[in-house]
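As a plain string of letters, each chain reads:
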Amino acid sequence: MDAGSQDGPNRWLRDALKRARAIARRGAPPRPAPRARLGLALAGGFARGIAHIGVLKVLAEHQVSVDYVAGTSVGALIATLYAHGVPLDAMERLAVDTRFKDFGRWTLSWLGLASNSRLETYLGRLCSARRFEELRIPLAIAATDLGTGAPVYFTEGELGPALRASCAYPGMFLPVQYGGRTLVDGFVSAPVPVDGARQLGADVVIAVYLESGPPDGQPKSVGEVIGRSFSIMQTYAHRAWAEQADVVITPDVTRFGWDDFARTPELITAGEVAARAALPALRAALAPTPTQPSRARNERIRPHLPAAGALPALDAREPQAQGTAGA
């Protein structure tokens, strides 16, 4: 084959290389902005926490992907089930049938009126995971260290003791001895665990807050005295968590009692209504805005609480779960 016969293919190859170099000089097309990592922070509230299921239903309906979840007290229970991938309708069925005896056992102690040791068995009805590492979604469970007054976020190790600690309502349930600490309900120091979701890596955090209602008549038991006292404290507590959240959803659950498990359908509806109202703020928070922080900070739906006091500083590295559960 002579040189002339090779000139055509060679010229085509040279032209192709020139075009490739020209494209390279112009630069590759811009990449789409990465999706913001979404975290969910679920508050405590005994039976009122069933409203969280309604919020989760609306997020699923609108295909909102949650990357991280954190929970306090009953919020920790719902968060654990959600992180494990338990269907929402299964959570609803469990909630309807729940009674105090399923997770609590009355006892005589100077430290509390009941033990929540049954909570681990209760969790096992729907969740086969025993450790944080077995969950599908990264989870943080908030508890309070009575020795330091600071919140403690569990993110690894055994689920059962961490959940029991998060649900150890002071005065009602015995404190939980775990990992060398004396632990009580996360509600005391982290009523809505926004910090926990941030520590896991969330860019945008939805906080779901459950406000208790006004007192109804005179308290009739020690449990009611304790519950009302903490509700009053909650009303006047500093809202640092709300300032750190991008969207705050507040289901209207003030008319429900702490043990209104039988009213599960109404509680779920309350969560759904509040979540739908918050969708515009959520979409704004998740919209790519390279030159601005989350736009939803000026659009969030906030609980109406007076500000007072301050929360203790967070120990961001604690703890590594180990040891055995007490109480």
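For every chain, the first residue of the written sequence is number 1, and numbering continues from 1 along that sequence. Note on the predicted model: pLDDT of at least 70 is required for a residue's local features to be given, and 80 or more for side-chain atom pairs to be given and counted; whole-chain, interface and lining totals, by contrast, use all residues. Computation of side-chain values: all heavy atoms of the structure, hydrogens and water removed.

### A closer look at the packing of aromatic side chains
Definition in use: Centre distance within 6.5 Å is the pairing criterion for rings of Phe, Tyr and Trp, where only the six-membered ring of Trp is used; planes under 30 degrees apart are then read as stacked, over 60 as edge-to-face, and the remainder as tilted. Helix and strand assignments follow DSSP, with helices taken as H or I runs no shorter than four residues and strands as E runs no shorter than two, numbered in order from the N terminus. Partly exposed describes any residue whose relative accessible area lies between the buried limit of under 20% and the exposed limit of over 50%, with all areas from a 1.4 Å probe on protein chains only and scaled to the type maximum.
All chains considered together, the criterion is met by 10 aromatic pairs. Judged by centre distance (5.2 Å) and plane angle (70°), the ring pair of Phe 46 and Tyr 169 falls under edge-to-face. With Phe 46 in the loop between β1 (38–42) and α2 (51–61) and Tyr 169 in the loop between α7 (159–166) and β7 (171–173), this residue pair connects regions lying 123 residues apart in the sequence. Given a relative accessible area of 10%, Tyr 169 falls into the buried group. Pairing Tyr 209 with Trp 241 gives two aromatic rings, centres 5.2 Å apart and planes at 25°, and the pair type is stacked. One end of the pair, Tyr 209, is in the loop between β10 (204–208) and α9 (222–236); the other, Trp 241, is in helix α10 (residues 240–244), with 32 residues separating them in the sequence. Classification of Tyr 209 by relative accessible area gives buried; the value is 2%.

### A look at the sheet that holds strand β4 (residues 112–115)
Our working rule: For two strands to be treated as a pair, DSSP must find at least two bridges joining them. Note on geometry: axes are lines fitted to C-alpha atoms, helical ones only across the stretch in contact, with angles between N-to-C directions running from 0 to 180 degrees.
With mixed pairing, 3 strands are arranged side by side in an open sheet as β3-β4-β7. Every interior strand has two partners, whereas the edge strands, β3 (105–109) and β7, have only one. Adjacent strand axes in the sheet meet at a mean angle of 25°, parallel and antiparallel pairs treated alike. In the sheet, β4 pairs with β7 via 2 bridges, with the strands oriented parallel. Paired with Ala 114 across the two strands is Phe 173, which belongs to β7.

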